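Residue-level structure breakdown
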Amino acid sequence: AQTVTQSQPEMSVQEAETVTLSCTYDTSESDYYLFWYKQPPSRQMILVIRQEAYKQQNATENRFSVNFQKAAKSFSLKISDSQLGDAAMYFCAYRPPPSGGGADGLTFGKGTHLIIQP
Amino acid sequence: NAGVTQTPKFRILKIGQSMTLQCTQDMNHNYMYWYRQDPGMGLKLIYYSVGAGITDKGEVPNGYNVSRSTTEDFPLRLELAAPSQTSVYFCASRPDGNTEAFFGQGTRLTVV
């Protein structure tokens, strides 16, 4: 079974600074999908960024970028120019390829609580 | 566009009671999912469906049942509620292809 590990229960960063959230995962698949989701106090799950494992280029979405290291099975999220609205729980998630065995659906890490200091 | 709609948003159940959590999506997505989120944890997959009439177990299916008679609806049934089922439940859907999942707002369920 796949596992996703987020080793930082909580991170704090000054507004306008840069912060990196860590995520490692375990899988025997060569093709899969990785995601970062944001969950503010409203409970809504919001997709931040997505990475396909077959793509070597790291995904970027405005102030959010990832460092995808396939051999190391590492998928960190970098938030640049942190804003107060970035405060939330951040979850790393893995999804297997459609043709792979096992259940379809996401496997989540336990999350990192990001605090933005004004 | 309503997206994924879950009802109710909150519910308190007594031990041994039954209830159905409703989930409806208006995006014509084939794939639908139920997750639960316990305090301080990530979401865990309960059941999923790849299309009408097809359902399968996820990581934590015990104590739950699902059905998928239409593309739009994917209800989750709790037959004999237990305190261990106290959690926040999320329904999600996605279209075919390797795209993102869209989540509902969640249902907070307390079993006392």
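Let me sum up the structure you'll find in this document. (Residues numbered from 1 in each chain as written. Chains lettered and ligands numbered in written order. Predicted model: local features only at pLDDT ≥ 70, side-chain atom pairs only at ≥ 80, totals over all residues. Heavy atoms only, no water.)

With respect to the packing of aromatic side chains
- For the structure shown, the criterion picks out 15 aromatic pairs over all chains.
- Seen from their ring centres, F90 of chain B and F103 of chain B are 6.4 Å apart, and the 80° between their planes marks the pair as edge-to-face. In this pair, F90 of chain B sits in strand β9 (residues 87-94) while F103 of chain B sits in strand β10 (residues 102-103), placing the two residues 13 residues apart along the sequence.
- Classification of F90 of chain B by relative accessible area gives buried; the value is 0%.
- In this structure an aromatic cluster arises from ring pairing among F35, Y37, F91 and F108 of chain A together with Y33, Y35, F90 and F103 of chain B.
- Looking at R68 of chain B, its charged tip hangs above the ring of F74 of chain B, at a distance of 5.9 Å from the centre.
- Here the basic side chain of R94 of chain B rests over the ring of Y31 of chain B, its NZ or CZ set 3.9 Å away from the ring centre. (Phe/Tyr/Trp six-rings, centres within 6.5 Å; stacked < 30°, edge-to-face > 60°. Helix = DSSP H or I, 4+ residues; strand = E, 2+ residues; numbered from the N terminus. Buried < 20%, exposed > 50% of the residue type's maximum accessible area, 1.4 Å probe, protein only. Lys NZ or Arg CZ within 6 Å of the ring centre and 35° of its normal.)

Some details on the sheet that holds strand β3 (residues 19-25) of chain B
Residue and element names in this part refer to chain B.
- With antiparallel pairing, four strands are arranged side by side in an open sheet as β1-β3-β8-β7. Each of the sheet's edge strands pairs with one partner strand only, and the pair in question is β1 (4-7) and β7 (64-66). Each adjacent strand pair in this sheet contributes to an overall mean axis angle of 20°, direction not counted.
- Two elements, β1 and β3, share four bridges in a ladder whose sense is antiparallel. Bridge pairing in β3 links V4 to Q25. (Pairing = 2+ DSSP bridges. Axes fitted to C-alpha atoms, helices over the stretch in contact; angles between N-to-C directions.)

Concerning the interface of chain A and chain B
- Taken together, the contacts link 21 residues of chain A with 28 residues of chain B.
- Taken over both partners, the interface formed by chain A and chain B buries close to 1900 Å², and the fraction arising from carbon and sulfur atoms is 49%.
- Of all residues in chain A, R43, R95 and D104 of chain A give up the largest surface area on contact with chain B, accounting jointly for 33% of the area buried on that side.
- Counting across the interface, chain A meets chain B through one salt bridge.
- Notably, a salt bridge pairs R94 of chain B with D104 of chain A, separated by 3.1 Å at the nearest N-O pair.
- Applying the counting criterion to the chain A and chain B interface returns eight residue pairs in polar contact (both at pLDDT 80 or more). (Contact = heavy atoms within 4.5 Å. Buried area = accessible area lost by both parts, 1.4 Å probe. Salt bridge = Lys/Arg side-chain N within 4 Å of Asp/Glu carboxyl O. Polar contact = N/O pair within 3.5 Å; in protein donor to acceptor, adjacent residues only side chain to side chain.)

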